[in-house]
Amino acid sequence: ETVESLAAHQFDAVNHAGVERVRALASAPPLILREYEAQLRLGTLSLDDLDAAGLRMAERIRQNPELAWIGYADMRAGRFIGATRRGDSVGIFTALPWVNAGIPSLDEVSPSGVRRAAAAPETEPYRVAEKAWIRRGLAQPGLAWLEPYVFSAGQRGVSAVLPLRSGAGA
């Protein structure tokens, strides 16, 4: 009985830890997306300054260890800005179709805030409007979690998406 009780207690503890980990993973993205949505509506966040937006996203990645990516896609212009975890640093990924044939720039921001070009630059164009995940995200009426898919870098994951629409569309 004692062994069974200890095993059940251990199972409950592991189960609880797993539930809490999933809860932590799933809670930050919607909060961040809703915050960005409110900041855009209030005029305290501009996505016209991609450098500032990228640094803001990089800091969010740094402060939220459960996040791998934060990004913004402008479907009309075909531009994409995002931040991603890269070891001890955070990468800022900027893809503009009219710059360098659409091959994104990749900068790294160190924990102390020093920004420099990444040692391994991107070599292929990144056309956000052609990505299936963004099309699935834009088809949603509001905040939604996408089914697991393979990210551009090859790893599998899930994304929380929130389409932001102006009066003229997405």
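Up top is the structure these notes are about.
Now for a look at the structure at hand. Every chain is numbered on its own, with residues counted from 1 as its sequence reads. The predicted nature of this model means local features are confined to residues of pLDDT at least 70 and side-chain atom pairs, given and counted, to a pLDDT of 80 or more, with totals for whole chains, interfaces and linings taken over all residues. The side-chain numbers reported here are obtained from all heavy atoms of the structure, hydrogens and water having been left aside.

## Section: the packing of aromatic side chains
Thinking step 1. Between the rings of Phe, Tyr and Trp (Trp by its six-membered ring), a pair exists once the centres lie within 6.5 Å; its type follows the angle of the planes, with under 30 degrees stacked, over 60 edge-to-face, and the other angles tilted. Summed over all chains, the structure comprises seven aromatic pairs.
Thinking step 2. Both rings, one in Phe 93 and one in Tyr 126, keep their centres 5.0 Å apart while their planes meet at 85 degrees; by these two values the pair is edge-to-face. On the criterion of sequence distance, the pair formed by Phe 93 in strand β3 (residues 89–95) and Tyr 126 in the loop between β5 (115–117) and α3 (132–138) is long-range, its members being 33 residues apart.
Thinking step 3. With a 1.4 Å probe rolled over the protein chains alone, any residue whose accessible area is under 20% of its type maximum counts as buried; one over 50% counts as exposed, and the rest are partly exposed. The exposure class assigned to Phe 93 is buried, which follows from its relative accessible area of 8%.
Thinking step 4. Seen from their ring centres, Tyr 149 and Phe 151 are 4.9 Å apart, and the 65 degrees between their planes marks the pair as edge-to-face.
Thinking step 5. Using a relative accessible area of 13% as the deciding quantity, one classes Tyr 149 as buried.
Thinking step 6. For Phe 151, a relative accessible area of 16% corresponds to the buried category.
Thinking step 7. Through pairs of rings, three or more aromatic residues link up here, namely Trp 69, Phe 80, Phe 93, Tyr 126 and Trp 133. For the purposes of this entry, the term helix denotes a DSSP run of H or I that reaches at least four residues, the term strand denotes a run of E that reaches at least two, and both are numbered from the N terminus.

Nothing here speaks to function; it is all geometry.
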